[in-house]
Amino acid sequence: MIKTLLDLLAIGIIFTVITGITDFPESSKKGLSWLLTKGKIVKSEYRFHLLDCETCQIFWASMIYLLCTGHFTLLWIAAALINSTFCDFYKDTILCMKDIGISFVRLIYKHLID
């Protein structure tokens, strides 16, 4: 039970990093438009919910995980749905940890230079 919860949490964090923090959605949409138009149009203004929406990605990846592991019950579906709503919290936490790390490195650098 705890392992499944931790796996759902990891799915949420991984998809938040891939979709919410990196440039993966825009790059993949440009590549997809280039591929579909044989190089004539390269745009990222298209809206593909499975590529853009990290909430959707977390939910559907969690559903696939629950199906593959045999935990596809109403309780776990609710847990996956709740997990997918925390994507903004995950993103804010990751960015806050990044800022704290940068501040820490700057503090160490400042003390080494002075």
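Residues numbered from 1 in each chain as written. Predicted model: local features only at pLDDT ≥ 70, side-chain atom pairs only at ≥ 80, totals over all residues. Heavy atoms only, no water.

K.L.:
Run through the overall build of the protein, naming residues and quoting values.
P.N.:
The number of helices and strands found in the protein is six helices and zero strands. Helices (α) and strands (β) of the protein occur, in sequence order from the N terminus, as α-α-α-α-α-α. Against the compact-globule benchmark of 13 Å for 114 residues, the protein has a radius of gyration of 19 Å, which places it well outside the compact range. For the protein, the C-alpha atoms occupy an extent of roughly 55 × 50 × 20 Å along the three principal directions. Looking at the 114 residues of the protein, the share that counts as buried comes to 24%. A separation threshold of at least 6 residues defines the contact pool for the protein, and within that pool the share at least 24 residues apart is 59%. About 8,100 Å² of surface is accessible on the protein, with carbon and sulfur atoms providing 73% of the total. The positive charge centre, built from 11 side chains, and the negative charge centre, built from 10, are 8 Å apart in the protein. (Helix = DSSP H or I, 4+ residues; strand = E, 2+ residues; numbered from the N terminus. Rg over C-alpha atoms; globule rule 2.2 N^0.38 Å. Buried < 20%, exposed > 50% of the residue type's maximum accessible area, 1.4 Å probe, protein only. Contact = heavy atoms within 4.5 Å. Areas by Shrake-Rupley, 256 points an atom, 1.4 Å probe, with all protein chains shown as cover. Lys, Arg positive; Asp, Glu negative; His and termini not counted. Charge placed at Lys NZ, Arg CZ, Asp CG, Glu CD.)

K.L.:
Which residues make up the nonpolar core, and what values do they have?
P.N.:
Leu-8, Ile-11, Phe-59, Ala-61, Met-63, Tyr-65, Leu-66, Trp-76 and Ala-80 together form the largest nonpolar core, which totals nine residues. Elements that contribute at least two residues to this core include exactly helix H1 (2-21), helix H4 (54-69) and helix H5 (74-85). With near-sequence residues (within four places) excluded, Tyr-65 lies in contact with Lys-3, Thr-4, Asp-7, Leu-8 and Ile-11. (Core = buried A, V, L, I, M, F, W, Y, C linked by side-chain atoms within 4.5 Å.)

K.L.:
Lay out the pattern of salt bridges in plain terms, naming residues and giving numbers.
P.N.:
Enumeration over the complete set of coordinates arrives at three salt bridges. The salt bridge partner of Glu-54 is Lys-91, with a shortest N-O separation of 3.7 Å. Taken together, the positions of Glu-54 in helix H4 and Lys-91 in helix H6 (residues 87-113) put the pair 37 residues apart, joining distant regions of the chain. By relative accessible area, which is 9% here, Glu-54 ends up buried. In this structure, Asp-99 engages Lys-98 in a salt bridge whose closest nitrogen and oxygen atoms are separated by 3.9 Å. When its relative accessible area of 44% is taken as the criterion, Asp-99 is described as partly exposed. (Salt bridge = Lys/Arg side-chain N within 4 Å of Asp/Glu carboxyl O.)

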